[in-house]
Structure formats: structure tokens, C-alpha cells
Amino acid sequence: MKSSKRLLLIAGLAGLIMESVLALPAYAADKVSLFKVITAKDEVVIGLSDAELAQMDGNAGGIAKMLVAKGSMSAWQYAVRKSAGGDLEQAPLHKIGLIARDSLRVEPYATPLKVLPIDESKK
């Protein structure tokens, strides 16, 4: 009887370890950096994945340069929402277009809240 309980405990722990190990690479690949885009009329918080940000020199200045060079770009707008557990978090709201002539400034946006990754299947 004792060995079956031990075996069950070991199998359960192995399952938890495998689940956490498999989840780590996916989370690391989905890291999102937030930026505030300021226009003459309003401000909007956008999120860019590490892959997208790498194409723009990895900072707010690179985003501004790319926006001016291309004239426009699309990005995910982020907004605060409550999670199922009741905690506040930053989550992608919808994809928006930014126009260079309307954007005055791009700056990093720091938040104490959890930032959710972009789910491209919800385009």
C-alpha cells in the first residue's frame, strides 16, 4: 500500500515538473514590452513582442524611426482589465494602426501589473 502511494506521489510530482518545464520556453518567447504613443489628441499604450521590437532597434527611438520611415505601423493596443482571479493586468485589447504624422512621441511604459502576451490567433 505504501509503495503505491509513493508511486502516485512521484508520478504527480513528475507531471508538475514536466508541465512547468514545458511552459517556461513558451512564456519567455511571448514577452511583451509596452510603450506609450503620445499624439496631440490622446495617448495609447501599445505592446510589441521581443521579435517585433528587435526589428526596431529594441527601444522607443527605434519604434519612432520605423514609424517615420514607413509612415504607419500596426500594433496591439493594451488596456487594464481584471483577470478571472480579480487581479488587474495589462492585456491586448485590439490591433490598431499608428500614423507617423499624428504621433508626437513614443516612450517606454512601465507598469506594476502583469503583462499578458499577444495572442496572434485573436487578430
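Just so we're clear, the structure is a prediction, and the values are computed from it rather than from any experiment.

Reading the values: the criteria
The residue count restarts for each chain, going from 1 along the sequence in the order it is written. Reporting in this predicted model follows two pLDDT cut-offs: at least 70 for local features of residues, and 80 or more for side-chain atom pairs to be given and counted; totals over whole chains, interfaces and linings ignore these cut-offs and use all residues. The basis for every side-chain value is the complete set of heavy atoms in the structure, and neither hydrogens nor water enter the calculation. pLDDT is a per-residue confidence score from the predictor, ranging from 0 to 100. Contacts are residue-level and defined by heavy atoms, with any inter-residue pair within 4.5 Å sufficient. Definition used in this section: a nonpolar core is a set of buried Ala, Val, Leu, Ile, Met, Phe, Trp, Tyr and Cys residues joined via side-chain atoms within 4.5 Å. The classification of residues rests on relative accessible area computed with a 1.4 Å probe and restricted to protein chains. Under 20% of the type maximum is buried, over 50% is exposed, and intermediate values are partly exposed. A run of DSSP states H or I qualifies as a helix once it reaches four residues; a run of E qualifies as a strand once it reaches two. Both are numbered from the N-terminal end. Here, a salt bridge means any Lys or Arg side-chain nitrogen found within 4 Å of an Asp or Glu carboxyl oxygen. The reported arc concerns the directions from the helix axis to the C-beta atoms and nothing else. Distance and chemistry together define a polar contact, namely a pair of N or O atoms within 3.5 Å, with one atom able to donate a hydrogen and the other to accept it when in protein, and with adjacent residues in sequence counting only for side-chain atoms on both sides. When DSSP finds at least two bridges between two strands, those strands are taken to pair.

Some points on the confidence of the model for the protein
Right, so step 1: Per-residue confidence for the protein gives a mean pLDDT of 81, with 73% of residues at or over 70.
Right, so step 2: In this model residues 11-29 is a low-confidence stretch, pLDDT under 50, and it forms zero contacts with partners more than four residues away in sequence or in other chains.

Concerning the nonpolar core
Right, so step 1: Phe35, Ile46, Leu48, Ile63, Met73 and Leu98 are the most contacted members of the largest nonpolar core, which totals 16 residues.
Right, so step 2: Broken down by element, the residue count for this core peaks at four residues, all from helix α3 (residues 60-70).
Right, so step 3: Leave out the neighbours within four places in its chain, and Leu98 touches Val37, Val44, Ile46, Leu67, Gly71, Ser72 and Met73.
Right, so step 4: Grouped together as the second largest cluster of nonpolar side chains are six residues, Val32, Leu34, Val45 and Trp76 included.

Quick notes on the pattern of salt bridges
Right, so step 1: Scanning the entire structure with this criterion turns up four salt bridges.
Right, so step 2: Here Lys36 ties to Glu43 by a salt bridge, and the two come within 3.6 Å at their closest N and O atoms.
Right, so step 3: We classify Lys36 as buried; its relative accessible area is 17%.
Right, so step 4: The class of Glu43 is exposed, set by a relative accessible area of 51%.
Right, so step 5: Salt-bridge contacts for Glu89 lead to Arg81; the nearest nitrogen and oxygen are separated by 2.9 Å.
Right, so step 6: Taking the relative accessible area as the measure of exposure, Arg81 reaches 42% and is therefore partly exposed.
Right, so step 7: One connected set of salt bridges, linked through shared partners, spans Lys36, Glu43, Arg105 and Glu107.

Some words on α3
Right, so step 1: Of the residues making up α3, those classed as buried are Ala60, Gly62, Ile63, Met66 and Leu67. Angularly, the buried residues of α3 cover 160° about the axis, an arc narrow enough to put them on a single face. Turned more than 90 degrees away from the buried face of α3 sit Lys65, Val68 and Ala69, all of them exposed.
Right, so step 2: Measuring from the backbone nitrogen of Gly61 back to the side-chain oxygen at the start of α3 gives 3.1 Å, which picks out Asn59 as the cap.
Right, so step 3: At the exit of α3 stands Gly71, carrying a positive phi of roughly 90°.

A few points about the pairing of strand β3 (residues 72-82)
Right, so step 1: Inspection of the sheet shows strand β2 (residues 43-49) paired to β3 by two bridges, in the antiparallel sense. Paired with Gly47 across the two strands is Trp76, which belongs to β3.
Right, so step 2: Counting the residues that bridge the hairpin from β3 to strand β4 (residues 88-99) gives five residues, and of these Gly86 lies at a positive phi of roughly 95°.

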